[in-house]
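Here is what each chain is made of, one letter per residue.
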Amino acid sequence: MTDPSPLSRDTALALDAADPLRTEGRHGDPADLFDLPDGVVYLDGNSLGALPRAVAPHLARVVGDEWGRGLISSWNDADWINLPARVGAKIAALIGVPSSDVHVGDSTTVLLFKTMVAASRLRPGRRTVVVEPTTFPTDGYVAAGVAELLGLEVRWCDPADPVAALDDDVALLALTHVDFRSGAMYDLPGITAAAHDAGALVQWDLCHSAGAVPVDLAGADADLAVGCTYKYLNGGPGSPAYAYVAERLQGELRQPITGWMGHATPFEMQRDHVPADGVRRMASGTPPVLALSALDAALSVFDDVDPAALRATSLSLTDLFIRLVEARLGDTFEVITPREHARRGSQVSLRHPEAYGVVQALIARGVVGDFRTPDVARFGFAPLYVTHADVWDAVEHLVTVMTGEEHLDPAYRVRNLVT
Ligand SMILES: Cc1ncc(COP(=O)(O)O)c(C=O)c1O
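What counts and what doesn't
- Residues numbered from 1 in each chain as written.
- Predicted model: local features only at pLDDT ≥ 70, side-chain atom pairs only at ≥ 80, totals over all residues.
- Heavy atoms only, no water.
- UniProt positions renumbered as here; feature names shortened; annotations may be inferred.
- Axes fitted to C-alpha atoms, helices over the stretch in contact; angles between N-to-C directions.
- Helix = DSSP H or I, 4+ residues; strand = E, 2+ residues; numbered from the N terminus.
- Parallel < 35°, antiparallel > 145°, perpendicular 65-115°, else oblique.
- Left-handed = near helix turned anticlockwise from the far one by under 90°.
- Contact = heavy atoms within 4.5 Å.
- Nonpolar A, V, L, I, M, F, W, Y, C, P; charged D, E, K, R; others polar.
- Patch = residues over 30% accessible without salt bridge, like charges linked within 9 Å, V, L, I, M, F, W, Y side chains within 5 Å.
- Areas by Shrake-Rupley, 256 points an atom, 1.4 Å probe, with all protein chains shown as cover.
- Salt bridge = Lys/Arg side-chain N within 4 Å of Asp/Glu carboxyl O.
- Buried < 20%, exposed > 50% of the residue type's maximum accessible area, 1.4 Å probe, protein only.
- Pairing = 2+ DSSP bridges.
- Near = heavy atom within 4 Å.
- Polar contact = N/O pair within 3.5 Å; in protein donor to acceptor, adjacent residues only side chain to side chain.
- Expected span 1.5 Å × (residues − 1).
- Domains from an automatic or database assignment.
- Buried area = accessible area lost by both parts, 1.4 Å probe.

Under an unreviewed UniProt entry, the name given to the chain is Kynureninase, and the organism recorded is Nocardioides iriomotensis. Under Function (unreviewed entry), UniProt gives the following word-for-word description of the chain: "Catalyzes the cleavage of L-kynurenine (L-Kyn) and L-3-hydroxykynurenine (L-3OHKyn) into anthranilic acid (AA) and 3-hydroxyanthranilic acid (3-OHAA), respectively."

Quick look at the structure:
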């Protein structure tokens, strides 16, 4: 164990008191918009976001009034049919694109499939999809499945230099903006421009950035993006995912699951599929109204949020965590998250041979992070509800866990199904 804290808890409290995200919003501290259990330091919003207080009453109204009383007429009267578009417009504001260009529905995995197929069809002479080997597994699995289906080839790139894998055979470069394991962030505008120079399309997976890191897809002239909504967007477990398609590609886009909800006129009940105009052609089946309603209410926590303040708080929290861990436990953990702000998302990952036990011992103390095999403890800093005092408390608990060897408790040798 190295030297004592360079900062006191009072310093962390002072950082919170001076944080514009906590003090300058019209509706006060955004942390008050969340229903978190007392005594818990929740550093897993990069896995499952916390529950916004607005969700339960809104869902109760949708279930009781719209479904219970309105029954089938709520498709029109409560405008359920346009809920994917309304929720898409809210997400669009967080990823820097026009409000009409985001489809919401399906899971991230299914949308990865739809967009990868569609993107490959937009570059018909090219036979290669580039993916990086440390990406979130589902992205690689889907790329391999799409390649098999369409007779393409997957090319695994160097994660440190994906652009080097581009040539005139590459139809699509599929990357995750912020890495789920390390928290490292790619240069989205720079890589997008390089891929365009090589004649390829780029698809960004925004699961670990949107809602914590401001994203400007239109500013980067991005082509396609997908993301989940259950992490920093707080939509709830298994909430629907979203896909962005640049307006300039929408007219030509042909996604493979040509269901009736992506038809130009679903209730004409025609025999042949005619894709809807715009991003609605990404839809396939009936929208999940209850899940979309929960997400709709959850997104209200961003109504009053300045993206620059969100990013500043995120960086300040992760800076503080890295600084405290290095000062107090620098010889125990390796910080694998980049120090440079431009290369960091909103999580910090620590490598340790007993990382699973460390995470379990912390959870027993009310500090919730998670574990990724083989040896990574991940801590997500959702800037809306994690404070500098939380960071200080989490590191204090981590020091106590390591000093008391709590992480070696035999109970932590058995791994849960979900880690
Ligand atoms: C980068 C990334 N993509 C995709 C997923 C998951 O996809 P799905 O929402 O279909 O489970 C995750 C889940 O953590 C992820 O981190």
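A.B. asks: Give a description of the packing of helix 5 (residues 83-95) against helix 10 (residues 289-298) that names residues and reports values.
C.D. replies: Axis angle and axis distance: for two packed helices, these are the angle between their axes and the distance between the axes, and together they describe the pair. Two numbers describe how helix 5 lies on helix 10: the axes approach to 10 Å, and their chain directions differ by 30°. In terms of orientation, helix 5 lies roughly parallel with respect to helix 10. The two elements helix 5 and helix 10 meet at a crossing, and its hand is left-handed. Facing helix 5, whose interface residues are Leu83, Pro84, Val87, Lys90 and Ile91, helix 10 presents Val289, Leu292, Ser293, Leu295 and Asp296. Partitioning the contact of helix 5 with helix 10 into residue classes produces 7 nonpolar, 1 polar and 2 charged.

A.B. asks: Explain a nonpolar patch on the surface residue by residue, including any values.
C.D. replies: A cluster of nonpolar residues, Val63, Trp67, Leu71, Ile72 and Leu290, forms a patch on the protein surface that exposes about 500 Å² of accessible area. Note on placement: Leu71 falls in the loop between helix 3 (55-69) and helix 4 (74-77). Residue classification places Leu71 among the exposed positions, given a relative accessible area of 51%.

A.B. asks: Provide a residue-level description of the pattern of salt bridges, including the pertinent values.
C.D. replies: Applying the stated rule across the entire model yields 22 salt bridges. The partner of Asp79 in a salt bridge is Arg86, with the nearest N and O atoms 2.8 Å apart. In this structure Asp79 comes out as partly exposed when scored by relative accessible area, which is 27%. Asp370 serves as the salt-bridge partner of Arg378, at 2.7 Å between the closest nitrogen and oxygen. We note that Arg378, like Asp370, is buried. Shared partners join several salt bridges into a network, and the residues in it are Asp19, Arg22 and Asp29.

A.B. asks: Give a description of the sheet that holds strand 5 (residues 170-176) that names residues and reports values.
C.D. replies: A sheet is described by the order of its strands in space; here 7 strands give the open sequence 2-8-7-6-5-3-4, paired in mixed fashion. The open sheet has two free edges, formed respectively by strand 2 (102-104) and strand 4 (153-156), since each of these has just one partner strand. The sheet shows a mean angle of 20° between the axes of neighbouring strands, direction not considered. Alignment of strand 7 (residues 224-227) against strand 8 (residues 242-245), held across 4 bridges, turns out to be antiparallel. For Leu224, the partnering residue across the bridge sits in strand 8 and is Val245. The strands touched by helix 5 are strand 2 and strand 8; relative to strand 2, the strand with the most contacts, the crossing angle is about 125°.

A.B. asks: Would you mind going over unusual backbone geometry in detail, with residue names and values included?
C.D. replies: Residues other than glycine predominantly adopt negative phi, and peptide bonds predominantly adopt the trans conformation. The residue after Thr373, namely Pro374, is reached through a cis peptide bond having omega 5°. Tracing the backbone through its elements, the reader meets Pro374 in the loop between strand 12 (370-372) and strand 13 (376-380). Phi is positive for Met269, close to 55°, though the residue is something other than glycine. By the secondary structure assignment, Met269 is in the loop between helix 9 (247-250) and helix 10. The class of Met269 is exposed, set by a relative accessible area of 56%.

A.B. asks: Give me the site of the ligand: which residues, what numbers.
C.D. replies: Surrounding the ligand, one finds Ser107, Thr108, Thr109, Phe136, Thr138, Asp139, Thr176, Asp205, Cys207, His208, Tyr230 and Lys231. In the model, an oxygen atom of the ligand is placed 2.7 Å from a nitrogen or oxygen of the Thr108 side chain. Between an oxygen atom of the ligand and a side-chain N or O atom of His208, the distance comes to 2.8 Å. When isolated, the ligand has an accessible area of 400 Å², and the protein chains bury 84% of it. When its residues are assigned to classes, the shell around the ligand shows 3 nonpolar, 6 polar and 3 charged.

A.B. asks: Now, about the packing of helix 3 against helix 10: what can you tell me, with residues and values included?
C.D. replies: Put simply, helix 3 and helix 10 touch, their axes get as near as 9 Å, and they point 140° apart. For the element pair helix 3 / helix 10, the angle class is oblique. Viewed along their axes, helix 3 and helix 10 form a crossing whose handedness is right-handed. In this structure, helix 3 uses Val55, His58, Leu59, Val62, Val63 and Trp67 to contact helix 10, whose residues at the interface are Leu290, Ser293, Ala294, Asp296, Ala297 and Ala298. Of the residues contributing to the contact of helix 3 with helix 10, the split by class is 9 nonpolar, 2 polar and 1 charged.

A.B. asks: Summarise helix 11 (residues 307-329); cite the residues concerned and give the values.
C.D. replies: Across its 23 residues, helix 11 extends 32 Å between first and last C-alpha, which sits within 8% of the 33 Å expected from 1.5 Å per residue. Capping the start of helix 11 is the job of one residue whose side-chain oxygen sits 3.0 Å from the backbone nitrogen of Ala308: Asp306.

A.B. asks: Run through the domain arrangement of the chain, naming residues and quoting values.
C.D. replies: Assigned domains within the chain: domain 1 (9-33 + 306-413) and domain 2 (57-302). A straight line from the C-alpha centre of domain 1 to that of domain 2 covers 29 Å. Summed over the three residues of domain 1 that lose the most area to domain 2, namely Arg311, Gln347 and Leu384, the buried surface amounts to 24% of that side. Across the contact surface, domain 1 and domain 2 share 8 residue pairs in polar contact (both at pLDDT 80 or more). Listing elements by their share of the side of domain 1 that touches domain 2, those giving two or more residues are helix 11, strand 10 (347-351) and strand 13. The leading source of residues in the side of domain 1 that touches domain 2 is helix 11, at 4 residues. Per-class residue counts for the side of domain 1 that touches domain 2 are 12 nonpolar, 9 polar and 5 charged.

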